[in-house]
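Observations on the model geometry
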Amino acid sequence: MEETVEGFLDYKGQPVRRSRAGGWTSASFIIGVEVAERFAYYGIFSNLISYLTGPLRQSTATAAENVNTWSGTAALLPLLGGVVADSFLGRFRTVIVGCLIYILGLGLLTLSAALTSVDISECEKINNVNGKSCSPPWFLMILFFSSLYLVALGQGGFTPCVQAFGADQFDGQHLEESRAKSSFFNWCFFSTSVGINITLFVVIYIQENLNWVLGFGIPCLVMFAGLLVFLLGTKTYRYSTAIRGVVRNRRTPIEENQSSESSKFLSKGLLAQDGETPSVNHVQERKAFVQLIPIWATSLVYAIVYAQTTTFFTKQGVTMDRTIAAGLRIPAASLQTFIGFAIIFLIPVYDRVFIPVARLTGNPSGITMLQRIGAGMCASALSMVIAALVEKKRLETAKEYGMIDLPNAMIPMSIWWLVPQYVLCGISDVLSIVGLQEFFYDEVPEDFRSVGISLSFSVIGVGNFLSSFIVYAIDKISGRNGEETWFCSNLNKAHLDYFYWLLAGLSTLCFFAYLYFARSYVYRRAYSNYLYSYSIV
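Scope of this entry: the structure provided in the associated data block. Just so we're clear, the structure is a prediction, and the values are computed from it rather than from any experiment.

About the criteria used
Residues numbered from 1 in each chain as written. Predicted model: local features only at pLDDT ≥ 70, side-chain atom pairs only at ≥ 80, totals over all residues. Heavy atoms only, no water. Phe/Tyr/Trp six-rings, centres within 6.5 Å; stacked < 30°, edge-to-face > 60°. Helix = DSSP H or I, 4+ residues; strand = E, 2+ residues; numbered from the N terminus. Buried < 20%, exposed > 50% of the residue type's maximum accessible area, 1.4 Å probe, protein only. Lys NZ or Arg CZ within 6 Å of the ring centre and 35° of its normal. Core = buried A, V, L, I, M, F, W, Y, C linked by side-chain atoms within 4.5 Å. Contact = heavy atoms within 4.5 Å. Expected span 1.5 Å × (residues − 1). Salt bridge = Lys/Arg side-chain N within 4 Å of Asp/Glu carboxyl O.

Let us now look at the packing of aromatic side chains. Taken as a whole, this structure holds 42 aromatic pairs when the rule is applied. Measuring from ring centre to ring centre gives 5.0 Å for F312 and F487, while their planes differ by 10 degrees; the resulting arrangement is stacked. With F312 in helix α11 (residues 312-318) and F487 in the loop between α15 (449-478) and α16 (496-519), this pair connects stretches of sequence that are 175 residues apart. An identical accessibility class is assigned to F312 and F487; each is buried. Its end group placed over the ring of Y41, R38 keeps NZ or CZ at 4.5 Å from the ring centre.

To continue, consider the nonpolar core. With 124 residues, the main nonpolar core has W70, F144, F439, F499 and Y500 as its most contacted residues. Dropping the residues within four chain positions of it, Y500 is found in contact with F312, F313, Q316, M384, A387, A388 and E391.

Despite not being glycine, R57 shows a phi value in the positive range, around 60 degrees. Considering the arrangement of structural elements, one finds R57 in the loop between α2 (48-53) and α3 (60-89). Residue classification places R57 among the partly exposed positions, given a relative accessible area of 37%.

With that out of the way, let us pick up α3. A rise of 1.5 Å per residue sets the reference length of α3, with its 30 residues, at 44 Å; its end C-alpha atoms lie 41 Å apart and thus fit the reference within 8%. At the exit of α3 stands G90, carrying a positive phi of roughly 90 degrees.

This model, assessed by the stated rule, comprises six salt bridges. Between D168 and R91 there is a salt bridge, and its shortest N-O distance comes to 2.3 Å. Taken as a pair, D168 in the loop between α5 (138-167) and α6 (175-209) and R91 in helix α4 (residues 91-130) lie far apart in primary sequence, 77 residues in all. Accessibility expressed as a relative area gives 1% for D168, which makes it buried. Overall, the relative accessible area of 8% leaves R91 in the buried class. Here K493 ties to D405 by a salt bridge, and the two come within 2.9 Å at their closest N and O atoms. In this pair, K493 sits in the loop between α15 and α16 while D405 sits in the loop between α13 (369-400) and β7 (411-414), placing the two residues 88 residues apart along the sequence. A residue is classified by how much of its surface remains accessible, and K493, at 30% relative accessible area, is partly exposed. Through salt bridges with shared partners, one network takes in D86, R91 and D168.

This is the structure we're talking about:
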């Protein structure tokens, strides 16, 4: 009989035959919906600060705080989605529910933009007479933010499950499929980066030059199309049985006895909360999660740096010369495409060139996951150093041309000066984000893999909240005596360079703390080889 894959069933509830379900065929459908979701998410997220400071009339600091708070919430909600998937619904159903909530939120967001556009148009007609502000009324603000957080809720169910479900299509105990699983995280990130770059070119241009209604409506339609693609692959998927329990390998009576003896040895003297001797699995589950805490915590400053690419980097670009041809100016937010270009270029090089060469060291992955994450943290710190130097140059240029008091004037300094800091952020993403996703997927117990993926996103979420808090605190402290704050709405009087130097210093300190904990970390895979009781990827 053809070999079956332990711990998985096909769509009929039958044991999975290795060649008939899963693998890259199934993964392609999953990557398809992932690309659609990232297209939709970045169609909202990447230029959100422009919508908040534009039609919604918010200050730069307030808008940055709102963007960070929303994106932080969106990155933390996967923890809830992961628990729901691993304990109740399963990954497949949770992805579908998440998509439906997502589409509803995007639809309401489009409606909100349409109503706000009409309200502003009416206000501007009156404004010529009575001079009143054209800020949207409170009920439209409530509709907008409710829709925005509904998108975050849908993303919270979708994000942790779709990547875990994709990785489930590869058997970690099979040599070739194990390598393919590692490549899946790379190529999934590559594909989503292509989708993100498309939205940065197309959707951002529409938002800046046509209207926000269409700019929000297109992501809604793309997300709906992505759900249809995902459903097309239903009959090809492998469905994990590891919900509310651990998938065990089939073992001979001799192996059962050996495992039992191991359990007695490893659990000796350890009591569970109910007074009974815990199983080896119970002890190891606790140990696995405790071990992850220092790695998770020391990665947070990386996430704080990550938050700047869609907030202050964009606001810098707005003040600079964005002309690329006569009468044609590039939207500042579109410069984020250089993050995508770096990812699209580096992923194939990393996966097809670097990893095969690095495997000569004896590690199937080339380098360890923690080495990969650490290298990304170094690139992140360097991006802040470059950003600080470029911002200092921008401020000096504004002063040289007497433009300090002209916040809306274009400084005679090309926006291409910002490219190096974006590229470094892309390099950092290839190393750290993908590394964090694979690390947390591998290192949690098997029936918590959706939670594991959500832990990698929670790093970004908490980092966004910390960024929001730091911005708020610095804004209050630096403006205490009536002086211009570091985040003054007139960026020519602000000091984003000071902020970037602060983040560069924090990144360096956290890297050394990370290095300390990473050097002593023991991977669960090595332990599982001794225990041989559970199927751990």
